[in-house]
Amino acid sequence: MEIVSSLVSFTVAKVLHFSRLSEHKNAHSTKKMEEKALEVYDVIRTIRDPEKPNTLEELDVVSEKCVEVQDLGDEEYLIIIKFSPTVPHCSLATLIGLCLQVKLRRCLPFKHKLEIYISEGTHSTEEDINKQINDKERVAAAMENPNLREIVEQCVIEPDD
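Residues numbered from 1 in each chain as written. Predicted model: local features only at pLDDT ≥ 70, side-chain atom pairs only at ≥ 80, totals over all residues. Heavy atoms only, no water.

1. Some details on the pattern of salt bridges
In step 1: If you walk through the whole model with that rule in mind, you get seven salt bridges.
In step 2: Arg45 is the partner of Asp42 in a salt bridge, and the nearest nitrogen-oxygen pair spans 3.4 Å.
In step 3: In this structure, Lys103 engages Glu158 in a salt bridge whose closest nitrogen and oxygen atoms are separated by 2.3 Å. One end of the pair, Lys103, is in helix α2 (residues 93-107); the other, Glu158, is in the segment after α5 (146-156), and 55 residues separate them in sequence.
In step 4: Its relative accessible area of 2% is what places Lys103 among the buried residues.
In step 5: Taken together, the shared-partner salt bridges in this structure form one network comprising Asp42, Arg45 and Glu57. (Salt bridge = Lys/Arg side-chain N within 4 Å of Asp/Glu carboxyl O. Helix = DSSP H or I, 4+ residues; strand = E, 2+ residues; numbered from the N terminus. Buried < 20%, exposed > 50% of the residue type's maximum accessible area, 1.4 Å probe, protein only.)

Printed below as a string of C-alpha cells:
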C-alpha cells in the first residue's frame, strides 16, 4: 500500500509540474501574440482615410482591439483585422480594406496570412465587401488600375515625422 501511495504522490507531483510548465508556455505565447498584434496595429493606424484628412485610427475605423494574431507555427502568423467604417453605407469600405492589404503586405517583417473583415453589423453590404477584400485576384486586379493605385498610395504613405 505504501508503494501505491508513493506512486500516486509522484504522479500527482509530475502532473502539477507539467501543468505549471504548460501554463507558463501559454502565457508566453499569449504575450507574443499581443506584441505581434500591436506591431500590426502600429502599421495600420497611420493609413489615411480616402475621403477625409484623418487617419483610420483618428476616425476609430481601426483600434488595437480590432487586430488579432494567431501562431500558425514555423514562424508564420494569421492576422485577422476587423475594421469599422464610419457609416453603415460607406462607399469606400472596399478601398479601406485594399489599403489595409497593401500596407500590411509591404510593411510586416514576418511571414503571415491575412484576413480582413468589416466588423459585424457595421456595414450594409459587409458580406460582399469581405469577399472582395480577401480575394487575392481581385486585390491584384484593383492594384493594376492606375487611378485606384494612386489613391491607395496616397492613403498608405507614411506621414512626415
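Structure shown, so let's carry the discussion forward.
2. A few points about the sheet that holds strand β2 (residues 76-83)
The pairing of strands in a sheet comes from backbone hydrogen bonds and takes either a parallel or an antiparallel form.
In step 1: Within the open sheet, the three strands sit side by side as β1-β2-β3. Their pairing is mixed. Both edges of this open sheet fall to β1 (67-73) and β3 (111-118), since each of them pairs with a single strand only. On average, each strand axis in the sheet is inclined to that of its neighbour by 20 degrees, with strand direction left out of account.
In step 2: Pairing geometry for β1 and β2, over six bridges, is antiparallel. Across the sheet, residue Asp71 finds its bridge partner in β2, namely Tyr77.
In step 3: Its contacts with the sheet put α2 on β2 and β3, and the angle it makes with β3 is roughly 165 degrees.
In step 4: The sheet strands contacting helix α3 (residues 126-133) are β2 and β3, and the helix crosses β3 at an angle near 160 degrees. (Pairing = 2+ DSSP bridges. Axes fitted to C-alpha atoms, helices over the stretch in contact; angles between N-to-C directions. Contact = heavy atoms within 4.5 Å.)

3. Focus on helix α4 (residues 136-144)
In step 1: For α4, the full list of buried residues reads Val139, Ala142 and Met143. Summarising the axial view, the buried residues of α4 lie within an arc of 95 degrees, below the 170-degree limit, and thus occupy one face. Residues Glu137 and Glu144 are exposed on α4 and point more than 90 degrees away from its buried face.
In step 2: Of the surrounding elements, those touching the buried residues of α4 are α2, α3 and α5.
In step 3: The N-cap residue of α4 is Asp135: its side-chain oxygen and the backbone nitrogen of Glu137 are 3.0 Å apart. (Arc of directions from axis to C-beta. Polar contact = N/O pair within 3.5 Å; in protein donor to acceptor, adjacent residues only side chain to side chain.)

4. Considering α5
In step 1: When α5 is considered as a whole, its buried residues turn out to be Val152, Cys155 and Val156. Burial along α5 is one-sided: seen end-on, the buried residues are contained in an arc of 85 degrees. Turned more than 90 degrees from where α5 packs its buried face, Pro146 and Asn147 sit exposed.
In step 2: In the core, the buried residues of α5 are packed alongside α2 and α4.

5. Brief notes about the environment of Glu127
In step 1: The topology assignment puts Glu127 in helix α3.
In step 2: Residue Glu127 is classed as exposed on the basis of its relative accessible area of 61%.

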